[in-house]
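# Summary of structural features
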Amino acid sequence: MTKLTNRNILILATDGFEDAELYSPRRLLMDAGARVTLAAPKGDPIRGCIYNSETGNSDQSPETITPDKLISDIDAGDFHALVLPGGVVNPDKLRMDPKAIALVKDFANAGKPIASICHGPWLLVEADVLRGRRATAWYSIRTDLKNAGSTVVDEEVVVDGNLITSRMPSDIPAFTMAIVTALQD
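Quick caveat: nothing in here was measured; it's all calculated off a predicted structure.

### A look at the overall build of the protein chain
- Of regular secondary structure, the protein chain possesses six helices and 11 strands.
- Computed over the C-alpha atoms, the radius of gyration of the protein chain is 15 Å, within 12% of the 16 Å expected from 2.2 N^0.38 for a compact globule of 185 residues.
- By its C-alpha atoms, the protein chain is 35 × 35 × 35 Å across when sized along the principal axes.
- Out of the 185 residues in the protein chain, the part that is buried amounts to 52%.
- Considering only residue pairs separated by 6 or more positions, the protein chain has 66% of its internal contacts joining residues 24 or more positions apart.
- Entry remark: accessible area of the protein chain is about 8300 Å², with carbon and sulfur atoms responsible for 46%.
- A gap of 4 Å separates the mean positions of the 19 positive and 25 negative side-chain charges of the protein chain.

Here it is as structure tokens:
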């Protein structure tokens, strides 16, 4: 993977994130040399979930991760890209956080890469940045994307300008490679 030295990447998350969609891209981006900052609404450790494809349910993760910063202390100008992991609960909580939505808008207005996977695009819907754009997401929220003005497609990764979207954990390799490619420009 290409080196991302001198690249600062922000991940927004709170309780209920999908483990694979936070930990895997975070690790791969850090392995590529990027400085990755995790921001959450509060400073307490957050816990994700693990999707079980056999049952269709999510189980609580045994792991927690402590945010590096509070969302309220983040300035989009300090980062080169934004990553929004899914899980059902995580983006549902964050889309109700005005500071999180303001950050998504700041990244969008600056034309910086915003990478969102699974249910993460709910934040893109809330920030009203999908109008006229191609995107994908987890199957159950595709109508939300369409209603927000997006052309919804079923592909492992969709890149439309600065927006990078993917459907599910199995798309993580393509999702992460699209982030790396966007940061090389």
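Moving on from the coordinates now.
### Some remarks on the sheet that holds strand 10 (residues 157-160)
- Within the open sheet, the seven strands sit side by side as 5-2-1-6-7-11-10. Their pairing is mixed. Edge positions in the sheet fall to strand 5 (69-70) and strand 10, since each has one partner strand and no second.
- Relative to strand 6 (residues 81-84), strand 1 (residues 8-12) runs parallel, the two being bridged by three bridges. Bridge pairing links Leu 10 to Leu 82 in strand 6.

### Structural notes on the pattern of salt bridges
- Inspection of every chain in the model, using the stated rule, returns seven salt bridges.
- Arg 167 is paired through a salt bridge with Asp 154; the nearest N and O atoms lie 2.9 Å apart. Pair noted here: Arg 167 is in the loop between strand 11 (163-166) and helix 6 (172-184) and Asp 154 is in the loop between strand 9 (151-152) and strand 10, with a separation of 13 residues, a long-range link.
- By relative accessible area, Arg 167 is classed as buried at 14%.
- On the basis of relative accessibility, which here comes to 47%, the residue Asp 154 falls in the partly exposed class.
- Across the pair Arg 167 and Asp 171 runs a salt bridge, and its minimum N-O distance is 2.9 Å. Accessibility assignment for this pair places Arg 167 and Asp 171 in one class, buried.
- Counted as one network, the salt bridges with shared partners bring together Arg 142, Asp 154, Arg 167 and Asp 171.

### Considering the nonpolar core
- Counting 29 residues, the largest nonpolar core has Leu 4, Ile 9, Leu 22, Leu 29, Val 83 and Ile 179 as its most contacted members.
- It is helix 6 that contributes the most residues to this core, six residues altogether.
- Excluding anything up to four places from it in sequence, Ile 179 contacts Leu 29, Val 83, Ala 115 and Ile 164.
- Residues Leu 10, Leu 12, Ile 71 and Phe 79 belong to the second largest nonpolar core, which totals 28 residues.

### Focus: the packing of aromatic side chains
- All chains considered together, the criterion is met by three aromatic pairs.
- Between Phe 17 and Tyr 23, the ring centres sit 5.7 Å apart and the planes meet at 75°, which makes this aromatic pair edge-to-face.
- A relative accessible area of 18% means that Tyr 23 is categorised as buried.
- Each residue in the set Tyr 51, Trp 138 and Tyr 139 is aromatic and connected to the rest through ring pairs, giving one cluster.
- The cationic tip of Arg 95 hangs over the ring face of Trp 122; the distance from NZ or CZ to the ring centre is 4.2 Å.
- A cation over a ring is seen here: Lys 112 above Phe 107, with NZ or CZ 5.7 Å from the ring centre.

Quick notes on the rules
- Residues numbered from 1 in each chain as written.
- Predicted model: local features only at pLDDT ≥ 70, side-chain atom pairs only at ≥ 80, totals over all residues.
- Heavy atoms only, no water.
- Helix = DSSP H or I, 4+ residues; strand = E, 2+ residues; numbered from the N terminus.
- Rg over C-alpha atoms; globule rule 2.2 N^0.38 Å.
- Buried < 20%, exposed > 50% of the residue type's maximum accessible area, 1.4 Å probe, protein only.
- Contact = heavy atoms within 4.5 Å.
- Areas by Shrake-Rupley, 256 points an atom, 1.4 Å probe, with all protein chains shown as cover.
- Lys, Arg positive; Asp, Glu negative; His and termini not counted.
- Charge placed at Lys NZ, Arg CZ, Asp CG, Glu CD.
- Pairing = 2+ DSSP bridges.
- Salt bridge = Lys/Arg side-chain N within 4 Å of Asp/Glu carboxyl O.
- Core = buried A, V, L, I, M, F, W, Y, C linked by side-chain atoms within 4.5 Å.
- Phe/Tyr/Trp six-rings, centres within 6.5 Å; stacked < 30°, edge-to-face > 60°.
- Lys NZ or Arg CZ within 6 Å of the ring centre and 35° of its normal.

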